[in-house]
Amino acid sequence: GRRDKFNSQYGGDRHTILVNGVRSSATNVIRSCYLNNGDTKYDRSTIVGHAIPFSSDIYNHGTNYWEGCQVSDYIDNGIYVSGDDGRNIITGCHVRNCAGAGIRIGPNDYVQDCQITMTEQPGYPWSGLWLENGGGQLVSQLLVKNKIKKNTEIIRLTQDGPARLTDIHITDKGTDGRAIR
């Protein structure tokens, strides 16, 4: 496949699926999208050489519903939505063997009934779930299964404000690192 996209000022070919509601009233539904074949090698000198599979970025001011999506074998996160002031609601998604973070959320984002599975070393440091930027995040009914060595932690909490995590189940058969930081 190819990742070329017009309007490089909005991310160019850095993203596989980039969803930005440019108005606060915008609502987007991304349902049952599967990116389970890993990234496409890309050696153009203008970018880092790998893409973000599912993303919203600084241009998102609306609400994105990510429902029942799957992603596997990417090295730049799985679902990366922490850099915007909109809202991302991630439900029923499954992320496998992604480096960076399986699911990376920002202020007021919500994760429910999702799975993160690590069975193969992605070749780069990884965290299962990463909360950053602001606060107000809600995470519930998250299942994390790890069978590999970790360089960091399974859940990384670096947000600036309060967050709520409930019904989190971690099965860690890997080595090194920490479960939660």
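Predicted model only: the values in this text are computed from it and were never measured.

Reading the values: the criteria
- Residues numbered from 1 in each chain as written.
- Predicted model: local features only at pLDDT ≥ 70, side-chain atom pairs only at ≥ 80, totals over all residues.
- Heavy atoms only, no water.
- Helix = DSSP H or I, 4+ residues; strand = E, 2+ residues; numbered from the N terminus.
- Buried < 20%, exposed > 50% of the residue type's maximum accessible area, 1.4 Å probe, protein only.
- Polar contact = N/O pair within 3.5 Å; in protein donor to acceptor, adjacent residues only side chain to side chain.
- Contact = heavy atoms within 4.5 Å.
- Pairing = 2+ DSSP bridges.
- Salt bridge = Lys/Arg side-chain N within 4 Å of Asp/Glu carboxyl O.
- Axes fitted to C-alpha atoms, helices over the stretch in contact; angles between N-to-C directions.
- Core = buried A, V, L, I, M, F, W, Y, C linked by side-chain atoms within 4.5 Å.

Novice: Residues and numbers for the side chain of Q137, please.
Specialist: Note on placement: Q137 falls in the loop between β12 (126-132) and β13 (138-146). Exposure remark for Q137: the relative accessible area of 1% places this residue in the buried category. A polar contact is formed between the side chain of Q137 and the backbone oxygen of G106, at a distance of 3.3 Å. Other than its neighbours up to four places away in sequence, Q137 contacts I105, G106, P107, N108, D109, L131, E132, Q159, P162, A163 and R164.

Novice: Lay out the pairing of strand β8 (residues 87-91) with the relevant residues and their values.
Specialist: In the sheet, strand β5 (residues 63-67) pairs with β8 via 5 bridges, with the strands oriented parallel. From the neighbouring strand, Y65 faces β8, where its bridge partner is I89.

Novice: So, the pattern of salt bridges: which residues are in play, and what are the values?
Specialist: Taken as a whole and judged by the stated rule, the model has 7 salt bridges. The salt bridge partner of R156 is E153, with a shortest N-O separation of 2.4 Å. E153 sits in the buried class, given a relative accessible area of 1%. Notably, a salt bridge pairs E153 with R178, separated by 2.8 Å at the nearest N-O pair. You can see E153 sitting in strand β14 (residues 153-158) and its partner R178 sitting in strand β16 (residues 178-180), a full 25 residues away along the chain.

Novice: So, the pairing of β5: which residues are in play, and what are the values?
Specialist: Looking at chain direction, strand β2 (residues 27-31) and β5 are connected through 5 bridges and run parallel. Across the sheet, the residue bridging to T27 is T63, located in β5.

Novice: Tell me about the sheet that holds strand β1 (residues 15-18), and please be specific about residues and values.
Specialist: Read across the open sheet, the 7 strands follow the order β1-β4-β7-β10-β12-β14-β16; overall the sheet is parallel. Each end of this open sheet is capped by a strand with a single partner; those strands are β1 and β16. On average, each strand axis in the sheet is tilted by 30 degrees relative to the strand beside it, whichever way the strands run. Pairing geometry for β1 and strand β4 (residues 52-55), over 3 bridges, is parallel. Bridge pairing in β4 places I17 opposite F54.

Novice: Which residues make up the nonpolar core, and what values go with them?
Specialist: Membership of the largest hydrophobic core comes to 29 residues, with the highest contact counts inside it found for W66, I79, I90, I103, I105 and L129. Within the residue set of this core, elements represented by two or more residues are β7 (79-81), β10 (100-105), β11 (110-118), β12, β13 and β14. Examining the composition of this core, we find that 4 residues originate from one element, β11, more than from any other. Once residues within four sequence positions are removed from consideration, W66 is found in contact with I17, V19, I30, F54, S55, V81, N88, I89, I90, T91 and C93.

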